[in-house]
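Each chain is listed here by its residues.
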Amino acid sequence: MAIERTFSMIKPDATRRNLTGAIIKILENVGLRVIASRRILITLQEAEKFYEVHKNRSFFDYLTKFISSGPTVIQVLEAENAISINRKIMGATDPLFASSGTVRKIFGLSIGENSIHGSDSSDTAAAEIAYWFSEREIVG
Ligand code: CMP
């Protein structure tokens, strides 16, 4: 398996509770390397574009308002098999159904305020990384 890159975003519910370092530690402990990172306040327009795939879902307004409600930490993670390793350590979308030891089980508050986002496929990872980062900001 080749080295992969994936996109990760620590959400406002987690930055608000000062959990950035604790979450990154969990990611690093499973072998994911942070090769780009930026703390930003996402605008509503950026959130609507980023989550465009969900625009017809009932929770779209809630989701985009929440993501733009406070700081996020956007990152590129690198490892062998990074996309599936990251999905596994994040846990199920709804913290109620997440496995023990996962970020969402430990820190998630609800299906919306679930502490972390990660790309779900290699195509999505490439698109999400390119949406937020230039090549120069990614140092593997
Ligand atoms: P994320 O991985 O960021 O991708 C889309 C997000 O939509 C998802 O995590 C959840 O936080 C959010 N989401 C999914 N379903 C719901 C829901 N029923 N209500 C609120 N938010 C949701």
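Residues numbered from 1 in each chain as written. Predicted model: local features only at pLDDT ≥ 70, side-chain atom pairs only at ≥ 80, totals over all residues. Heavy atoms only, no water.

Caption draft 1: Summary view of the overall build of the protein. A tally of helices and strands in the protein yields seven helices and four strands. Mapped from its N terminus to its C terminus, the protein presents α and β elements in the order β-α-α-β-α-α-β-α-α-β-α. Computed over the C-alpha atoms, the radius of gyration of the protein is 14 Å, within 12% of the 14 Å expected from 2.2 N^0.38 for a compact globule of 140 residues. For the protein, the proportion of contacts with a sequence separation of at least 24, taken over those separated by at least 6, is 77%. For the protein, the exposed area adds up to about 7,400 Å²; of that, 53% sits on carbon and sulfur atoms. In the protein, 17 positive and 16 negative side-chain charges are present, and the distance between their average locations comes to 5 Å. (Helix = DSSP H or I, 4+ residues; strand = E, 2+ residues; numbered from the N terminus. Rg over C-alpha atoms; globule rule 2.2 N^0.38 Å. Contact = heavy atoms within 4.5 Å. Areas by Shrake-Rupley, 256 points an atom, 1.4 Å probe, with all protein chains shown as cover. Lys, Arg positive; Asp, Glu negative; His and termini not counted. Charge placed at Lys NZ, Arg CZ, Asp CG, Glu CD.)

Caption draft 2: Quick look at the site of the ligand. Around the ligand sit Lys11, Tyr51, His54, Phe59, Tyr62, Leu63, Thr93, Arg104, Ile111, Gly112, Asn114 and His117, and those are all the residues in its vicinity. Between the ligand and the protein, one listed contact pairs an oxygen atom with a side-chain N or O atom of histidine 117 at 3.0 Å. Coverage of the ligand by the protein amounts to 80% of the 450 Å² it exposes when considered alone. When each cavity is represented as a set of grid points, the ligand is found to reside in the largest pocket. In terms of residue class, the shell around the ligand is built from five nonpolar, five polar and two charged. (Near = heavy atom within 4 Å. Polar contact = N/O pair within 3.5 Å; in protein donor to acceptor, adjacent residues only side chain to side chain. 1 Å grid on protein atoms, 1.4 Å probe; cavity = no way out; pocket = protein on both sides within 12 Å on 5 of 7 lines; lining within 4 Å. Sits in = over half its atoms within 2 Å of the grid points. Nonpolar A, V, L, I, M, F, W, Y, C, P; charged D, E, K, R; others polar.)

Caption draft 3: Region of the structure containing the environment of threonine 15. Note that threonine 15 resides in helix 1 (residues 12–16). On the basis of relative accessible area, threonine 15 is assigned to the buried category, the value being 9%. Considered as a pair, threonine 15 and alanine 82 are 67 residues apart in the sequence and their alpha carbons are 23 Å apart. Once you skip the residues sitting within four places of it in the chain, threonine 15 turns out to touch Ile10, Thr20, Arg39, Pro71, Thr72 and Val73. Among the polar contacts listed, one links the side chain of threonine 15 to the backbone oxygen of proline 71, at a separation of 2.7 Å. (Buried < 20%, exposed > 50% of the residue type's maximum accessible area, 1.4 Å probe, protein only.)

Caption draft 4: Main features of the pattern of salt bridges. Within the structure shown, the criterion is met by five salt bridges. Arginine 5 is the salt-bridge partner of glutamate 78, the closest N and O atoms lying 2.9 Å from each other. Pair noted here: glutamate 78 is in strand 3 (residues 72–80) and arginine 5 is in strand 1 (residues 3–10), with a separation of 73 residues, a long-range link. In this structure, arginine 17 engages aspartate 13 in a salt bridge whose closest nitrogen and oxygen atoms are separated by 2.6 Å. (Salt bridge = Lys/Arg side-chain N within 4 Å of Asp/Glu carboxyl O.)

Caption draft 5: View of the side chain of lysine 11. Structurally, the position occupied by lysine 11 is in the loop between strand 1 and helix 1. For the buried lysine 11, no salt bridge is present, and the opposite-charge side chain at shortest range is aspartate 13, 6.5 Å distant. Lysine 11 has contacts with Tyr51, Phe66, Ile67, Pro71, Thr72, Gly112, Asn114, Ser115, Ile116 and His117, leaving out every residue within four places of it along the chain.

Caption draft 6: Structural view of the sheet that holds strand 3. One open sheet accounts for four strands, arranged 2-3-1-4; its pairing is antiparallel. Strand pairing shows two members of the sheet lacking a second neighbour, strand 2 (33–40) and strand 4 (116–118), which therefore form its edges. Across the sheet, the axes of successive neighbouring strands diverge by a mean angle of 20°, strand direction being ignored. As defined by bridge partners, strand 1 adjoins strand 4 across three bridges and the pair is classed as antiparallel. Counted as the bridge partner of methionine 9 is histidine 117 from strand 4. The strands touched by helix 7 (residues 122–132) within the sheet are strand 1, strand 2, strand 3 and strand 4, with strand 1 carrying the most contacts at an inclination of about 60°. (Pairing = 2+ DSSP bridges. Axes fitted to C-alpha atoms, helices over the stretch in contact; angles between N-to-C directions.)

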